[in-house]
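# Remarks on the overall topology
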Amino acid sequence: MKSKSLVSINDLSREKILSLLETAEKFEKNPNSKILDGRVVGSLFFEPSTRTRLSFETAANRLGARVIGFSDAATSSASKGETLKDTIMMVSSYADVIVMRHRLEGAARYASEVSPVPVINAGDGANQHPSQTMLDLYSIKKTQGTLEGLNIHLVGDLKYGRTVHSLLHAMRHFKPTFHFIAPEELHMPEEYRVFCRENNIPFTETTEFSEDVISSADIIYMTRVQRERFSDLMEYEKVKNCYRLTNSMLANTKENLRILHPLPRVNEIAHDVDENPKAYYFQQAQNGLYVREALICDVLDINI
Amino acid sequence: MKENNKYAMQVSALCNGTVIDHIPADKLFAVVNLLDIPSMTSNVTIGYNLDSKKIGKKGLIKVADVFFTEEDLSKISVVAPNVVMNTIRDYQVVEKREVKLPNELHNIIKCNNLNCITNNEPMATHFHVSNREAGTLKCRYCEKEVNINNVELL
């Protein structure tokens, strides 16, 4: 009954992360093949997510698999009141692997427990989104040549930002130094600061996002400061433009610096940054394809 | 010896059943409720605010002819850690054990996160103790942590 699923980045060891990144590198060199010929991937998006869904489905298609599924819970039997377990049991009798996005936290863990085929978590509410973290790691390793000993600046919404929390967890294996740059209202939650102390990860914190603060950065990971996160809208108006990266701020940054963003970007990165060679967010999204090809093959126990 | 006599006078002997001792006094009625004692028909003695060298004021529950399950013990451990459970058969204490919080809690408590799958699907909850000293429990599903003083029993 127990199959190999991918639910949470925290389940992956350092060795496992590195070996998955190596596989993804091979797919970057050769993204198209027929190694999943005859396989069926169930793509269950109970919650819409165009970017992640297209990336996973492209990964499956480029490796020769066929894709079944739905892109919105309204078009699935969940809208008729079917339990998640029943949907998973039904789909697992058709598909060899399930890729699932769900609005409820823990849905992926539960699906992996009841499903006879592997489940890949494509996001469960505010909880985990391991393929995003893997593509972040891939982008960091590819642009820096290593994951070890980097200065990583996390900017924007560090309170609710799922991607920054997962990245922080995953980087514990690689001796990073973190710099948390966020408004008071959206600062890094205490549990992650405790996590850093327990894992001997040095970090600094500031509310000021300036040229000086980012001059030592190897990676700047930008996130969106969302209006709906603020209880006090005055406060939002005050800070909304303070965490905006512009091209002029990059003049004195390190040569190897790269700017990441999980996308969609709104106005936290000015459009004049796009032309700067340090901007990496579009390539980062593209790397998601290779990483997802690697993840699908891994849970299916296909060696590359 | 004198103390033992006093104790014996307060709590008369039990032929068969269970004595739950060393319940912190302020947790006594929570334990009474979770064991559903008000609906029991057997002979029950409840002691409240009894002097205890170990914990100051304690509570005690003595139930004739009832033996509790592992699940009951897990529930008690969430509400009142470190109580002592004595099993009595034929006037003899045949088992005496301290009720410790188990490492894993299967379907004992509810997850406080309304967006957790366990609150939306007919399924069992599962927590593990992530920090015993601080009393922190972590949901296996949504991975949210909660302090043991803020949980609700199922």
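Residues numbered from 1 in each chain as written. Chains lettered and ligands numbered in written order. Predicted model: local features only at pLDDT ≥ 70, side-chain atom pairs only at ≥ 80, totals over all residues.

## A closer look at the nonpolar core
All names here are of chain A. Spelled out, the test is: Definition of nonpolar core: a set of buried Ala, Val, Leu, Ile, Met, Phe, Trp, Tyr and Cys residues joined via C-beta atoms within 7 Å. Counting other C-beta atoms within 10 Å of a residue's C-beta gives its exposure: the residue is buried at 20 or more, exposed at 12 or fewer, and partly exposed in between, where C-beta atoms are placed from the backbone. Numbering goes from the N terminus for both helices and strands, where a helix is a DSSP run of H or I of at least four residues and a strand is a run of E of at least two. Contact definition: two residues whose C-beta atoms, as placed from backbone geometry, lie within 7 Å.
In terms of nonpolar packing, the biggest core is built from 111 residues, with Ile-98 and Tyr-221 touching the most fellow members. Considering every element that reaches this core, the biggest residue donor is helix α10 (residues 281–299), with nine residues. Apart from residues no more than four positions distant in its own chain, Ile-98 is found in contact with Gly-42, Leu-44, Ile-88, Val-91, Ser-92, Ala-111, Ser-115, Val-117 and Val-119.

## Notes on the packing of helix α1 (residues 14–29) of chain A against α10(A)
Residues and elements named next belong to chain A. Threshold: Angles run from 0 to 180 degrees between N-to-C directions of axes, and those axes are lines fitted to C-alpha atoms, restricted for helices to the stretch in contact. Reported orientations rely on four angle classes, namely roughly parallel under 35 degrees, roughly antiparallel over 145, roughly perpendicular from 65 to 115, and oblique for the rest. For a crossing to be left-handed, the near helix must be turned anticlockwise from the far one by less than a right angle; the clockwise case is right-handed.
Orientation of α1 relative to α10, taken along the N-to-C sense of each, is 120 degrees, at an axis distance of 8 Å. By the angle class used here, α1 and α10 are oblique. As α1 runs across α10, the sense of the crossing is right-handed. Along the contact surface, α1 presents Leu-20, Thr-23, Ala-24, Phe-27 and Glu-28, while α10 presents Tyr-290, Val-291, Glu-293, Ala-294, Leu-295, Cys-297 and Asp-298.

## Considerations on the sheet that holds strand β3 (residues 97–102) of chain A
All names here are of chain A. Here is the rule: Between any two strands, at least two bridges found by DSSP are needed for them to pair.
Read from one edge to the other, the open sheet built from four strands follows the order β2-β1-β3-β4, with strand pairing classed as parallel. Of all the strands in the sheet, just β2 (66–70) and β4 (119–124) have a single pairing partner and so form its edges. Here the strands of the sheet are splayed against their neighbours by 15 degrees on average, with no regard to which way each runs. Note that β3 and β4 share four bridges and pair parallel. For Val-99, the partnering residue across the bridge sits in β4 and is Ile-120. Docked against the sheet, helix α2 (residues 50–62) engages β1 (40–45), β2, β3 and β4, running at close to 175 degrees with respect to β1. Against the sheet, α10 touches β1, β3 and β4, its axis set at about 135 degrees to β4.

## Remarks on the pairing of strand β9 (residues 136–139) of chain B
Residue and element names in this part refer to chain B. What you see with β9 is a clean split: Leu-137 and Cys-139 sit on the buried side and Thr-136 and Lys-138 on the side with no burial. Examined bridge by bridge, strand β8 (residues 126–131) and β9 share four bridges and lie antiparallel to one another. Note on β9: the bridge partner recorded for Val-129 is Leu-137. The antiparallel hairpin formed by β8 and β9 contains four residues in its connecting segment, where Gly-135 sits at a positive phi of about 70 degrees. By the bridge criterion, three bridges tie β9 to strand β10 (residues 145–147) in an arrangement that is antiparallel. Its bridge partner being in β10, Thr-136 is matched across the sheet by Asn-147. Here β9 hands over to β10 after five residues, with Glu-143 in that stretch at a positive phi of 65 degrees.

## Topic: the packing of helix α5 (residues 130–144) of chain A against helix α6 (residues 162–171) of chain A
Residues and elements named next belong to chain A. Put simply, the rule reads: Residues were grouped as follows: Ala, Val, Leu, Ile, Met, Phe, Trp, Tyr, Cys and Pro as nonpolar; Asp, Glu, Lys and Arg as charged; and all remaining residues, including Gly, as polar.
One way to put it is that α5 packs onto α6 with a least axis distance of 9 Å and a crossing angle of 60 degrees. By the angle between their directions, the pair α5 and α6 is classed as oblique. In this structure, the crossing between α5 and α6 has a hand that is right-handed. Contact residues: Gln-132, Thr-133, Asp-136 and Leu-137 in α5; Thr-163, Ser-166, Leu-167 and Ala-170 in α6. Of the residues in the contact of α5 with α6, the class split is three nonpolar, four polar and one charged.

## Things to note about the environment of B:Val63
Take B:Val63: it is sitting in strand β3 (residues 56–64). When sequence neighbours within four positions are dropped, the list of residues in contact with B:Val63 reads B:Gly17, B:Thr18, B:Met40, B:Ser42 and B:Val44.

## Brief notes about the domain arrangement of chain A
Residues and elements named next belong to chain A. Threshold: An automatic or database domain assignment provides the domain bounds reported here.
What the domain assignment lists for chain A is domain 1 (32–128) and domain 2 (131–285). Relative to domain 2, the C-alpha centre of domain 1 lies at a distance of 29 Å. Each partner contributes to the interface: domain 1 provides five residues, whereas domain 2 provides five residues.

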